[in-house]
Amino acid sequence: MDRDTADRLFYQHFDEIGRLVSSAARDLSAIEAEELDIFVKEKLSADDYRRIRAYQGRNGASFTTFLAAVIANLLKDFRDHLWGKVRPTEKARQKGTNAILLERLLRERHSFEEAFEIMTTDYSIAMSREQFEDLIPHVNLRYRVRAAQGEPLEAVDSGRSPEEMAIVNQMLERYCALLKRLRQICQNLLPEDALIVKFRFEDGRRVSDIPDLLGMSPNRPRGKDLYRRLERLMGRLRESLEAGGFSALEVAAFLSNPGLGDGCDELEAG
Amino acid sequence: MAPDDDARLAHSADGACPEVWRLAEYVDGVLDDAERREIQAHLVRCVACRDTVADTQIILKGSGHTLSAASPAAFRPRRRTYVWAGSLAAAAAVALAVYVARPDLIFGPRIDRPELAGLIAAMAKESDRVVDGRLAGGFSYARAPSVDRGPRGRPLSPDVRIAAAEVEKALLANDAAENQAAAGVAHLIQGDLDGAIDELESAVQRRPTDARFQSDLSAAYLERARSPNRADDWSRALSAAERALEIAPRMPEASFNRALALDGLRRDPAAADAWAAFRKLAESPAWQSEAADRESKARARAALQGR
């Protein structure tokens, strides 16, 4: 594709790009969403539309889907730029931008008290003490540094004892061991079954989203078959994991809490 | 570590990862079987490309481009940690810790049975429990039913009835053991005790190592044990709770049901000890308080018997 064609496509789809970026930005604050919009459009037009010129249009493939795929990749870079290389946890993301910010501040080794101060002053977030405390169960407290003695908000965290966090750490090792075994099991599965397992248990994708992730024609029947297949795979995984020395309880917990093994690779490497 | 966009393009040019337009074609479902299988084989190995495929779908759905009637997915990019040594997501540990620690204190209430999520949410609005025993999966605290304010004297809320019907409908669509056990819970909540026990006994038979099914079966026996000529259900409730605890020794629901069964069997000293054991596992002060109350009554009865 030449530069002029790419230029024309870019402007023809300018509104479409905006809609796709809005969809991609649903976890971001309004300001961050605007920044993403600018970032994406800059990247798409950079180097004489190099990214757009990569579009092949084979087999009736949709330009919109192509744009969405490019934006998906650009979003990753934007998030790295925004949040650093450490992602906010799903729990914080579900609670919203304030919880993401709190988690980030705790990660930067601010105490609760400092985080409250920063959020309400530097970020001008209109938030009561109660609203702030309401965010705390939604952030990853592993990021929390030891609070200063006498810090009033320490009471909020009083239920989370060092013993409990020690249990969390012990269990983490078991989770990672289960994940490692799961990966070994995947090597003996058919590629599509292995992919279903990866999407579901390693990446934590919703079961209802998986049929769309298998690259099948939209006209091909899906849904119920996938559930049956997943059920069959679950049975097989359960048996294989239990045969690998894990208790039924551990396996049940692992399979019902998919997609939480982030960092296991670093643990193994480190 | 996932390559950034420019590095990703270079990577694709090396042939290691498919080009972004091929991933887009995969998402569109326009590849022939051979090409699709080739991409799938790559996706199994490459988390960055799996992320691209999944995020592309999510972006498309969120912008109204989905052909599917399904509701737009929540935007759920995988979480990854790259540089923070030892900074594994604590959530990962919680996945297992919920069974052994005190989940409410660590990360809020859990719902670990998606098939019951609607029912759990509907029941959370009720001030009283529908049954005396505890149901597994993340049901929040509610007061025990009593003669004056028990559920049997009043109808269930429409939300609960709708959620229970949804659970039963799910079983018709897919008769997985989870759905069968969930249907048992739905029957139990609606007061159909025989139906509940039938479903839960079948679920347990299909998957005897699932502590949640055993514990819920115990709760169903506990409820039926109060019916005329059903006193033998107290022993069944105790056995089912103990089987659950063999599988999951720190499961609060099973521990609670065991103590209730011992109460029902009038084994008061053992019941008092069982309540004390449950208090150590209880996830919230409300459960602890109810257990403390029951423990003191059991101890008082035991003391009276000892006179």
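Up top you'll find the structure we're talking about.
Residues numbered from 1 in each chain as written. Chains lettered and ligands numbered in written order. Predicted model: local features only at pLDDT ≥ 70, side-chain atom pairs only at ≥ 80, totals over all residues.

**Student:** If you had to explain the overall build of chain B to someone new, which residues and values would you point to?
**Tutor:** Check the secondary structure of chain B and you find 15 helices and zero strands. Taken over 307 residues, chain B has a buried fraction of 52%. Look at the contacts in chain B between residues 6 or more apart in sequence, and 52% of them connect residues 24 or more apart. (Helix = DSSP H or I, 4+ residues; strand = E, 2+ residues; numbered from the N terminus. Buried ≥ 20, exposed ≤ 12 C-beta atoms within 10 Å, placed from the backbone. Contact = placed C-beta atoms within 7 Å.)

**Student:** How would you sum up the nonpolar core? Please name residues and give values.
**Tutor:** Counting residues in each nonpolar core, the largest one holds 124 residues, and the members touching the most others are I71 of chain A together with L119 of chain B. Broken down by element, this core gets its largest block of residues, 10 residues, from helix α4 (residues 63–83) of chain A. Of all hydrophobic cores here, the second largest spans 13 residues; its members include I100, L102, F116 and V139 of chain A. (Core = buried A, V, L, I, M, F, W, Y, C linked by C-beta atoms within 7 Å.)

**Student:** Which residues make up the environment of F78 of chain A, and what values go with them?
**Tutor:** All names here are of chain A. Considering the arrangement of structural elements, one finds F78 in helix α4. Exposure remark for F78: the 22 C-beta atoms within 10 Å place this residue in the buried category. Leaving out residues up to four positions away in the same chain, F78 has contacts with L36 and F39.

**Student:** Give me the environment of V53 of chain B: which residues, what numbers.
**Tutor:** By secondary structure assignment, the location of V53 of chain B is in helix α4 (residues 47–62). When the C-alpha atoms of V53 of chain B and A24 of chain B are compared, they prove to be 7.5 Å apart, with 29 residues separating the residues in sequence. Not counting chain neighbours up to four residues away, the residues in contact with V53 of chain B comprise L213 of chain A together with L23, Y26, V27 and L43 of chain B.

**Student:** Which residues make up the packing of helix α10 (residues 193–206) of chain B against helix α11 (residues 211–224) of chain B, and what are the values?
**Tutor:** All names here are of chain B. Packing of α10 against α11 leaves a shortest axis separation of 9 Å and a crossing angle of 155°. For the element pair α10 / α11, the angle class is roughly antiparallel. In this structure, α10 crosses over α11, and the sense of that crossing is left-handed. Of the residues in α11, those in contact with L193, A196, I197, L200, E201, A203 and V204 of α10 are F213, Q214, D216, L217, A220, Y221, E223 and R224. Tallied by class, residues from the contact of α10 with α11 come to 10 nonpolar, one polar and four charged. (Axes fitted to C-alpha atoms, helices over the stretch in contact; angles between N-to-C directions. Parallel < 35°, antiparallel > 145°, perpendicular 65-115°, else oblique. Left-handed = near helix turned anticlockwise from the far one by under 90°. Nonpolar A, V, L, I, M, F, W, Y, C, P; charged D, E, K, R; others polar.)

**Student:** Which residues make up unusual backbone geometry, and what are the values?
**Tutor:** Its identity as a non-glycine residue notwithstanding, D48 of chain A has a phi of 55°, on the positive side. Mapping D48 of chain A onto the fold places it in helix α3 (residues 30–53). Positive phi, normally seen in glycine, also occurs at N229 of chain B, with a value near 60°. You can see N229 of chain B is positioned in the loop between α11 and α12 (232–247).

**Student:** Which residues make up α4 of chain B, and what values do they have?
**Tutor:** Residues and elements named next belong to chain B. Here α4 spans 22 Å end to end across 16 residues, near enough to the 22 Å set by a 1.5 Å rise per residue. For α4, the tally of buried residues reaches 14 of 16 residues, placing the bulk of the element in the interior. One or two steps after α4, the chain reaches G64, where phi turns positive at roughly 85°. (Expected span 1.5 Å × (residues − 1).)

**Student:** Run through α3 of chain A, naming residues and quoting values.
**Tutor:** For α3 of chain A, with 24 residues, the first-to-last C-alpha span of 30 Å runs short of the 34 Å given by 1.5 Å per residue. At D47 of chain A, α3 of chain A shows its maximal bend, which comes to roughly 110°. (Bend = angle between axes of the 7 residues up to and from the residue.)

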